[in-house]
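# Secondary and tertiary structure notes
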Amino acid sequence: MKRVIIALVMLILAISITTWSAHILDNKIASLVNSINRTTNEDSVDELLAEWESAKKFFKIIIVHNKVDEIDIKISSLKEIINNRNEADKIRSEIIFLLKSLNKSEKASFENIF
């Protein structure tokens, strides 16, 4: 009986941690997408970079590092090309696409598990 209780507690703990991390990930990605949509000048890009540095620490714990590094490179390049509207729009849409794909890949769904 003791083993069953320990197994149930571990299962509940694992599900709770997974749900919590998915919720935090959703919130951070939504906040980053809003910040990306507001980037129009170098000051707003600096604010985005500060928010990204904070979120990146959490992402590196949960997500595969090469995906986070790719987003990091694109966000850093945004500061250099923010004055070129067409290029900035292209980079913004790429970053948003990558962030949303991260969100999909980390959800517990049938296709992600099997």
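Everything below is about the structure printed above this text.
Parameters at a glance
Residues numbered from 1 in each chain as written. Predicted model: local features only at pLDDT ≥ 70, side-chain atom pairs only at ≥ 80, totals over all residues. Heavy atoms only, no water. Helix = DSSP H or I, 4+ residues; strand = E, 2+ residues; numbered from the N terminus. Buried < 20%, exposed > 50% of the residue type's maximum accessible area, 1.4 Å probe, protein only. Contact = heavy atoms within 4.5 Å. Phe/Tyr/Trp six-rings, centres within 6.5 Å; stacked < 30°, edge-to-face > 60°.

Looking now at the environment of Leu-99. When you line up the elements, Leu-99 lands in helix H4 (residues 85-106). Looking at Leu-99, the relative accessible area reads 0%, which means it is buried. For the pair Leu-99 and Met-10, spaced 89 residues apart in the sequence, the C-alpha separation amounts to 30 Å. Setting aside residues up to four positions removed in sequence, Leu-99 forms contacts with Ile-29, Leu-32, Val-33, Ile-36, Trp-52, Phe-59 and Ile-71.

Moving on to the packing of aromatic side chains. Per the counting criterion, the structure on display carries three aromatic pairs. On the basis of an interplanar angle of 90 degrees and a centroid distance of 6.3 Å, the ring pair of Trp-20 and Phe-58 is categorised as edge-to-face. With Trp-20 in helix H1 (residues 2-37) and Phe-58 in helix H2 (residues 42-62), the pair connects residues that are 38 residues apart, well separated along the chain. Here Phe-58 falls in the buried class, since its relative accessible area comes to 14%. Following the ring pairs from residue to residue traces out a cluster consisting of Trp-20, Trp-52, Phe-58 and Phe-59.

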